[in-house]
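Commentary on secondary and tertiary structure
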Amino acid sequence: MSQNPGTKKSTPSVAFGIDIGGSGIKGAPVDLARGEFSADRVRIATPDVSTPENVADIVAKVISSFDLPLDVPVGITFPAVVQHGVARSAANVDSSWIGTNIETVMGKALGRKVVAFNDADAAGFAEARYGAARGSTGVTLVTTLGTGIGTAMVVDGVLVPNLELGHIEIDGRDAESMASDGARDREDLSWEEWAQRLQRYYGVLEDLLWPDRIIVGGGVSKNHAKFLPLLHLRAPIVPAQLRNAAGIVGAAALAARAEQNR
Ligand code: BGC
């Protein structure tokens, strides 16, 4: 929150988002009024050895593809708990990230200020502001079903960061090890078999959090018609709308918000 609302800066119209994932590093400028890319996205494969230095080199390459003025806010998403810029875990990236200040490493590589966020938080914020929950109030729970399970909660437009509900223990197991899209793939589950696991997972989440709506993102959400109708929950459960743009759009929007509140 701004310490001094009287001097709050105006909202920038464009910010830049970078999405660091296990397989690709993607970036694009984002039109913040529309929540859409204002130029085509650039993607470079994540290096096999995904140490902070190697990843920072690629991020610098992605951003140098654009002629980006220094005052444009830059947000970066990372598949880990990100507390005040520091990675506290590392999912699908090198474990040397743990304890690394992402904002410092990237700031040095890019020669500009950057702000870092958990990947699901960025996607969730984007869905709440521009996507499936646009215009809604109350409690929105966003889950991204991929190799792991990312989760985000947005309450009346305010993000509750680093929820990590993909790791709640269900029936003695880490939830993401049994209900992620990765588990579906690994165990070659049918949509019906997987839906039973999702039913159990979302049922527990719903009993604990009582969200007003649940949004399901991640690459598999393009197949939502195969599994969402099989789920029976109290809250409406709907597919994400921004698909694979959500991370970039959310990172940009969160960076702009951070800049405005500074
Ligand atoms: C991590 C989260 C991340 C999610 C999606 C989980 O394994 O713990 O921090 O958001 O995967 O990448």
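Everything numeric in this text was worked out from a predicted model, so none of it was measured.

Thoughts on the packing of helix H3 (residues 119-130) against helix H8 (residues 246-261)
When two helices pack together, their arrangement is captured by the angle between the axes and the distance separating the axes. The contact between H3 and H8 brings their axes to 7 Å, and the two run at 85 degrees. Relative to H8, the element H3 lies roughly perpendicular. Note on element contacts: H8 touches H3 through Ala246, Gly247, Val249, Gly250, Ala251, Ala253, Leu254 and Arg257, opposite Asp121, Ala122, Ala123, Phe125, Ala126, Glu127, Arg129 and Tyr130. Of the residues in the contact of H3 with H8, the class split is 10 nonpolar, two polar and four charged.

A look at the nonpolar core
If you look at the biggest cluster of nonpolar residues, it comprises 29 residues, and the most contacted ones within it are Val30, Leu32, Tyr130, Leu159, Leu242, Val249 and Leu254. Contributing elements (two or more residues each) for this core: strand E2 (24-31), strand E8 (115-118), H3, strand E10 (149-155) and H8. Of the residues forming this core, the biggest block, eight residues, is contributed by H8. When we break this core down by domain, the ones giving at least three residues each are domain 1 (14-121 + 245-261) and domain 2 (132-240). The residues contacting valine 249, other than those within four sequence positions of it, are Val30, Gly35, Phe37, Ala126, Tyr130 and Leu242.

A word on the domain arrangement of the protein chain
Each assigned domain of the protein chain is listed here: domain 1 (14-121 + 245-261) and domain 2 (132-240). Here the C-alpha centroids of domain 1 and domain 2 sit 24 Å apart. Taken together, the nine residues of domain 1 in the interface contact 10 residues of domain 2. Here domain 1 meets domain 2 over a buried area of about 760 Å², counting both sides, of which 46% is carbon and sulfur. Among the residues of domain 1 in contact with domain 2, Val81, Ala120 and Asp121 are the three that bury the most area, contributing 58% of the side total. On the surface where domain 1 and domain 2 come into contact, there are zero salt bridges. On the surface where domain 1 and domain 2 come into contact, there are two residue pairs in polar contact (both at pLDDT 80 or more).

A word on a negative patch on the surface
A cluster of acidic side chains, namely Asp185, Asp188, Glu192 and Glu193, defines a negative patch on the protein surface. The exposure class assigned to glutamate 193 is partly exposed, which follows from its relative accessible area of 41%.

A closer look at the site of the ligand
Close to the ligand lie Pro79, Ala80, Val81, Ala91, Asn118, Asp119, Ala120, Ile149, Gly150, Glu164, His167 and Glu176. Taking glutamate 164, its side chain carries an N or O atom lying 2.5 Å from an oxygen atom of the ligand. At a separation of 2.7 Å, an oxygen atom of the ligand approaches a polar side-chain atom of histidine 167. Surface burial for the ligand is 91%, taken as the share of its 320 Å² of free accessible area covered by protein chains.

What counts, and where the lines are drawn
- Here the residue index of a chain counts from 1 through its sequence in written order.
- Restriction of local features to residues with pLDDT of at least 70 applies here, the model being predicted, together with a cutoff of 80 or more for giving and counting side-chain atom pairs; totals for whole chains, interfaces and linings are based on all residues.
- The side-chain numbers reported here are obtained from all heavy atoms of the structure, hydrogens and water having been left aside.
- Angles shown run from 0 to 180 degrees and are taken between the N-to-C directions of axes, each axis being a line fitted to C-alpha atoms and, for helices, limited to the stretch in contact.
- A helix here means a DSSP run of H or I that spans at least four residues, while a strand means a run of E at least two residues long, and both kinds are numbered starting from the N terminus.
- Roughly parallel means an angle under 35 degrees; roughly antiparallel, over 145; roughly perpendicular, 65 to 115; everything else is oblique.
- Any two residues whose heavy atoms approach within 4.5 Å at even a single point are treated as in contact.
- Note on residue categories: nonpolar means Ala, Val, Leu, Ile, Met, Phe, Trp, Tyr, Cys or Pro, charged means Asp, Glu, Lys or Arg, and polar means any other residue, Gly included.
- As used in this record, nonpolar core signifies buried Ala, Val, Leu, Ile, Met, Phe, Trp, Tyr and Cys residues forming a set joined through side-chain atoms within 4.5 Å.
- Think of it in three bands: residues with accessible area under 20% of the maximum for their type are buried, residues over 50% are exposed, and the middle band is partly exposed, with areas taken using a 1.4 Å probe on protein chains only.
- Note that the domain bounds reflect an automated or database-derived domain assignment.
- For any pair of parts, buried area is found by adding up, for both, the accessible area (1.4 Å probe) each one loses once the two are put together.
- The salt bridge criterion pairs a side-chain nitrogen of Lys or Arg with a carboxyl oxygen of Asp or Glu, the two atoms within 4 Å.
- We define a polar contact as two N or O atoms separated by no more than 3.5 Å, with the added condition that, inside protein, one atom must be a possible hydrogen donor and the other a possible acceptor, whereas residues neighbouring each other in sequence contribute only through side-chain atom pairs.
- Only residues whose relative accessible area exceeds 30% and that take part in no salt bridge are eligible for patches, with like-charged residues grouped when within 9 Å of each other and nonpolar side chains (Val, Leu, Ile, Met, Phe, Trp, Tyr) grouped when within 5 Å.
- For the area figures, the Shrake-Rupley method with a 1.4 Å probe applies, and any residue is considered shielded solely by the protein chains shown.
- Residues scored as charged are limited to Lys and Arg (positive) and Asp and Glu (negative), so that His and the chain ends carry no count.
- For the purpose of locating charges, the reference atoms are NZ of Lys, CZ of Arg, CG of Asp and CD of Glu.
- For this description, a residue counts as near a given molecule or strand if any of its non-hydrogen atoms is within 4 Å of it.

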